[in-house]
Amino acid sequence: MSPSSVSHIVANLERRLGIRLFPRSTRSVALTEADEAFLARVRPAVPEINQAIEGVNDLRDHPTGLIRLNATPWGADRLLPIVLGFMRTDPDVHFDLVIEGFDAGLRLTSIVPRDMIALPLGIDEALLIVGSPEAAA
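In this report, we go over the structure that sits alongside the text. Because the structure is predicted, anything quoted here is derived from the model rather than measured.

We now examine the nonpolar core. L69, A71, L79, V83 and L106 form the largest nonpolar core, which has five residues in total. Of all elements in the fold, only β1 (65-71) and α4 (73-89) reach the threshold of two or more residues within this core. Look past the residues within four positions of V83 in its chain and what remains in contact with it is L69 and F95.

Printed below as a string of structure tokens:
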């Protein structure tokens, strides 16, 4: 970190705590009694905080968990190849098809509720009714 970044972080911490932690000048930085007491209380937690940060980084780098999906039978048919591909690349992510309490769903554009965020899935489909004169007989 740059010295100015550290200085801003320390100033914000001092503002939050309401006490000057580090008597500092352009040439030196020293610890006060309050600093020593603060460090003594915080120091045992540092390894656990670092482990928590590493755990979050692991989740960011390697997705895990459960995604609850909601879809009609039509939508589930279209989601299945996408879900299977996702599960091959990210085997620690699991999926449940649910009716309520879902994380994501598949809908026709015309029936997406207004309070939902809609993103196109990239599947352009058109429904056609076809027939032949022989079929009508």
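What follows is about the pairing of strand β2 (residues 93-97). With five bridges connecting them, β1 and β2 associate as parallel partners. Residue pairing in the sheet places L69 in a bridge with L97 of β2. The parallel pair β1 and β2 is bridged by α4, and the resulting crossover is right-handed.

Our next topic: helix α3 (residues 46-61). For α3, which comprises 16 residues, the first-to-last C-alpha distance of 22 Å matches the rise-based estimate of 22 Å (1.5 Å per residue) to within 8%. A small share of α3 lies buried, amounting to zero of its 16 residues.

Okay, the pattern of salt bridges next. Applying the stated rule across the entire model yields one salt bridge. A salt bridge links D103 to R68; the shortest N-O distance between them is 2.7 Å. In this pair, D103 is assigned in the loop between β2 and β3 (104-106) and R68 in strand β1, connecting sequence segments 35 residues apart. Among the residues examined, R68 registers a relative accessible area of 33% and is labelled partly exposed.

Take the sheet that holds β3 next. Read across the sheet, three strands follow the order β2-β1-β3 without closing on themselves; strand pairing throughout is parallel. Two strands in the sheet have a free side with no partner beyond their single neighbour: β2 and β3. Strand-to-strand twist in this sheet, taken as the mean axis angle between neighbours without regard to direction, amounts to 30 degrees.

So, about helix α1 (residues 3-17). With 15 residues, α1 extends 21 Å from end C-alpha to end C-alpha; this agrees with the ideal 21 Å at 1.5 Å per step. Remark: G18 follows α1 within two positions and exhibits a positive phi of approximately 75 degrees.

Looking at the element boundaries, E14 is found in helix α1. E14 sits in the buried class, given a relative accessible area of 9%. When near neighbours in sequence (up to four residues on either side) are disregarded, E14 contacts I19, R20, L21, F22 and R24.

Thresholds applied
- Residues numbered from 1 in each chain as written.
- Predicted model: local features only at pLDDT ≥ 70, side-chain atom pairs only at ≥ 80, totals over all residues.
- Heavy atoms only, no water.
- Core = buried A, V, L, I, M, F, W, Y, C linked by side-chain atoms within 4.5 Å.
- Buried < 20%, exposed > 50% of the residue type's maximum accessible area, 1.4 Å probe, protein only.
- Helix = DSSP H or I, 4+ residues; strand = E, 2+ residues; numbered from the N terminus.
- Contact = heavy atoms within 4.5 Å.
- Pairing = 2+ DSSP bridges.
- Right-handed = clockwise from strand over helix to strand, strands pointing away.
- Expected span 1.5 Å × (residues − 1).
- Salt bridge = Lys/Arg side-chain N within 4 Å of Asp/Glu carboxyl O.
- Axes fitted to C-alpha atoms, helices over the stretch in contact; angles between N-to-C directions.

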